[in-house]
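The lines below spell out each chain.
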Amino acid sequence: MFPTNVYADRRKRLKQLMNSGIGLFLGNNESPMNYPDNTFHFRQDSSFLYFFGIEHPGLAAIIDFESGEEILFGNDVEIDDIIWMGVQPLLKDKAAKVGVSKTAPFAKLAEHIQAAINQSRSVHYLPPYRGENKILLGDLLGIHPAKVNQYRSLPFVKAVIQLRSIKDTYEIAEIEKACAIGYEMHVTAMKMAIAGESEQKIAGLVEAIPLKYGGHYSFPVILSQNGQTLHNHDHSGILQEGRLMLTDCGAETSMRYASDFTRTVPVNGKFTQKQKEIYQIVLDANNKATAASKPGITYQQVHLMAARVIAQGLKDLGLMKGDVEAAVKAGAHAMFMPHGLGHMMGLDVHDMEDLGQIYVGYDNETRPIDQFGTAYLRLGRKLETGFVLTNEPGIYFIPALIDQWKAEKTNTEFINFDKVNEYRDFGGIRLEDDLLITDSGCRILGERVPITIEEIENTVGK
Ligand code: GLY
Ligand code: MN
C-alpha cells in the first residue's frame, strides 16, 4: 500500500472536482470459477484501489461531496471465517491505513443511499462491468440491472479520469516494478524460442513469472507463431525454424499496476532477410513514436507519424506504392496495421477502459478518426506530463483481409497486391514499449526489453 496521505489526497482532489451529491464506489467481490467457493484470483476494482487502496472483497465506500464525509462499508470476519481464513485485520484498521475514520457494516450501505435519494441528492457512480455489481446497483438505486450503466455519472467518470490519467511518483515506481517483471517474462520467452518447443509450455512458464512476485499477468498471455491474429491466445503450435513468434504480455504487481510489452522473435534466433526488412520498419515506427511523444502533441498525430514510417518502409520494399502521405490519409497502411498505436496504462493494462474509452482517449479538441484501423486507436488526445501509455506499432499479413481488399479493390492505387501475395504466410510483427510522458519528451519505462535485431539474435535460445 502507498502511504496513508496518498489516498487521502486523491479523495481530497476528487472532492475539489465534484461539488454536490455523493460518490458511490463499489469494490469487487469474489468471482466463482465453477462453484461458489472455488473462485478466480481476486482482483479489486481499480478506481476503488485508487481512492481506497484496500485489496479485499465485500467493500464499498461513499464520499459526501458536500459535507466531505467518507464512509467505508464492509463486514468484519466472524469465527467461521477465521477458522478457514485465519484472523483478519478489522475493517476500521484497514480504513485507518487509507485515512478513512468512519466505517459501517455493509448492510448499512442501502440506508445511506436511500437517505440520499429521499433528499433528492445525486448518487454518482461509475459504470459497473461485473454482473454482481450491476445487480447490487440495481437494488440500491431501484433501476433494472440492465439499465444501470445508462445512468452512470459522466461528471464523476470525467473527474476520476482526470485524476487517474496523471501518474504520481509512487505509481511510476510501481509501474516500473511491473516492467521489471515484464522484462523477465519476455526474456524467458525469447530464451525458449527454439524449434520443437511448444508455444503452450512457453506461455505457461511466462504466465507463472509474476505469481512469484505476488502479482499476476496483466492480461492472458498472447503468444503465437500466428502473430497476424492480433490477440492470439491459441498456444497449440510447436515452434518451427523460419517462423516468427510474437509474444504480447505483461505483469501486474501486488499493488495491481501493469506493464504491457510485445516482442517478435525468429524461432532459433536468426532473422531471414525478408523478416529483417519488415522487422526494421516496425522498429523504426516504434522509435519514431518514442522520439515524437511529448506534452502537447496528440497521440493521434504520433499514430499517424508511425503509420507514415510503415507506409514508407513498405513502399521501399515494393509492397505499397504512390504518395505515402496520401496513402496514410486514405488509410491504406491499415491493411498492414489494423489497430491503434497504443493506449493508457496504469492500474489497468488498458487504463480506465471500464469508464468509457472515448473519455479516456479523446476530448472535445481531439475526436476519433472514423476510418478502418485508425478508428481502433484507444488514445488520441493531447499528451500530458505524467501520462503512461503504450507504443505498439505492427505490420501483419492477414490473408483474409488481403483477399477482401483485393477483391473489393480497396486502396489498389497504394497497395501492390502481387508483391503482398509473396508474404501471405509471413505472420505478424508488433513491438511494444511502455512510455512515461515527461516535461520535455518521454522515457521508456523499465529496462528496454531486447529489441534491436542484434539484441534479439543475441538473446533467443541463449
Ligand atoms: N497488449 C494487449 C493490448 O494492448 O491489447
Ligand atoms: Mn498494449
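A quick note: this is a predicted structure, and the numbers were derived from the prediction, not measured.

**Describing the overall build of the chain**
- What the chain contains, in helices and strands, is 16 helices and 17 strands.
- Relative to the compact-globule value of 23 Å for 462 residues, the chain shows a C-alpha radius of gyration of 24 Å, a close match.
- Counting only C-alpha atoms, the chain reaches 70 × 50 × 40 Å along its principal axes.
- Residues counted as buried form 53% of the 462 residues belonging to the chain.
- Within the chain, contacts between residues separated by at least 24 positions form 75% of all contacts whose residues are at least 6 apart in sequence.
- Of the accessible surface of the chain, which amounts to about 19500 Å², a share of 52% is contributed by carbon and sulfur atoms.
- Of the side chains in the chain, 47 bear a positive and 58 a negative charge, and the two mean positions are spaced by 3 Å.

**Side note on the packing of aromatic side chains**
- Taken as a whole, this structure holds 16 aromatic pairs when the rule is applied.
- Here Phe-25 and Phe-52 contribute two aromatic rings whose centre-to-centre distance is 5.1 Å and whose plane-to-plane angle is 70°, an arrangement assigned as edge-to-face. Of this pair, Phe-25 sits in strand S1 (residues 22-26) while Phe-52 sits in helix H2 (residues 46-52), and the two are 27 residues apart along the sequence.
- Look at Phe-25 and Phe-156: their rings are 5.3 Å apart centre to centre, the planes differ by 80°, and that puts the pair in the edge-to-face class. With a gap of 131 residues between them, Phe-25 in strand S1 and Phe-156 in helix H7 (residues 154-165) connect regions that are remote in the sequence. Neither Phe-25 nor Phe-156 differs from the other in exposure class; each is buried.
- An aromatic cluster of at least three residues, connected via ring pairs, comprises Phe-25, Phe-48, Tyr-50, Phe-51, Phe-52, Phe-65 and Phe-156.
- Just above the ring of Tyr-50 sits the side chain of Arg-10; from NZ or CZ to the centre is 3.9 Å.

**Quick notes on the nonpolar core**
- Membership of the largest hydrophobic core comes to 123 residues, with the highest contact counts inside it found for Leu-14 and Phe-397.
- Counting residues in hydrophobic clusters, the runner-up holds 17 residues, among them Phe-73, Leu-109, Ala-116 and Val-148.

**Regarding the confidence of the model for the chain**
- Scored by pLDDT, the chain has a mean of 97; 100% of the residues are at 70 or more.
- Mean pLDDT across the elements of the chain bottoms out in helix H3 (residues 79-85) (89) and peaks in strand S16 (residues 433-437) (99).

**Comments concerning the sheet that holds strand S4 (residues 60-64)**
- A sheet is described by the order of its strands in space; here 5 strands give the open sequence S6-S5-S4-S1-S7, paired in mixed fashion. Both outer strands of the open sheet, strand S6 (102-104) and strand S7 (123-125), are each paired with one neighbouring strand and no more. When strand polarity is set aside, the average angle formed by the axes of neighbouring strands in this sheet is 25°.
- In this sheet, S7 lies alongside S1 in parallel orientation, the contact comprising 3 bridges. The residue of S7 that forms the bridge with Ile-22 is Val-123.
- Along the sheet, helix H1 (residues 4-17) contacts S1, S4 and strand S5 (70-73); its crossing angle with S4, the most-contacted strand, is approximately 50°.

**Let's talk about the site of ligand 1**
- The full set of residues close to ligand 1 is Phe-219, His-231, Asp-248, Asp-260, His-343, His-350, Glu-392 and Glu-432.
- In this structure, Asp-248 approaches ligand 1 through a side-chain N or O atom, which is 2.8 Å from a nitrogen atom.
- Taking Asp-260, its side chain carries an N or O atom lying 2.8 Å from a nitrogen atom of ligand 1.
- In the complex, 95% of the free accessible area of ligand 1, which totals 200 Å², lies under the protein chains.
- Each residue belonging to the shell around ligand 1 can be placed in one class, and the counts come to 1 nonpolar, 3 polar and 4 charged.

**Observations concerning the pattern of salt bridges**
- Under the counting rule described, the total for this entry stands at 31 salt bridges.
- With a closest N to O distance of 2.8 Å, Arg-164 and Asp-348 form a salt bridge. Of the two residues, Arg-164 sits in helix H7 while Asp-348 sits in the loop between helix H12 (324-330) and helix H13 (357-361), which places them 184 residues apart along the sequence. Residues Arg-164 and Asp-348 agree in their burial class; the two are buried.
- Because the salt bridges share partners, they merge into one network encompassing Arg-43, Glu-55, Glu-252 and Arg-256.

Reading guide: rules and limits
- Residues numbered from 1 in each chain as written.
- Chains lettered and ligands numbered in written order.
- Predicted model: local features only at pLDDT ≥ 70, side-chain atom pairs only at ≥ 80, totals over all residues.
- Heavy atoms only, no water.
- Helix = DSSP H or I, 4+ residues; strand = E, 2+ residues; numbered from the N terminus.
- Rg over C-alpha atoms; globule rule 2.2 N^0.38 Å.
- Buried < 20%, exposed > 50% of the residue type's maximum accessible area, 1.4 Å probe, protein only.
- Contact = heavy atoms within 4.5 Å.
- Areas by Shrake-Rupley, 256 points an atom, 1.4 Å probe, with all protein chains shown as cover.
- Lys, Arg positive; Asp, Glu negative; His and termini not counted.
- Charge placed at Lys NZ, Arg CZ, Asp CG, Glu CD.
- Phe/Tyr/Trp six-rings, centres within 6.5 Å; stacked < 30°, edge-to-face > 60°.
- Lys NZ or Arg CZ within 6 Å of the ring centre and 35° of its normal.
- Core = buried A, V, L, I, M, F, W, Y, C linked by side-chain atoms within 4.5 Å.
- pLDDT = per-residue confidence, 0-100.
- Pairing = 2+ DSSP bridges.
- Axes fitted to C-alpha atoms, helices over the stretch in contact; angles between N-to-C directions.
- Near = heavy atom within 4 Å.
- Polar contact = N/O pair within 3.5 Å; in protein donor to acceptor, adjacent residues only side chain to side chain.
- Nonpolar A, V, L, I, M, F, W, Y, C, P; charged D, E, K, R; others polar.
- Salt bridge = Lys/Arg side-chain N within 4 Å of Asp/Glu carboxyl O.

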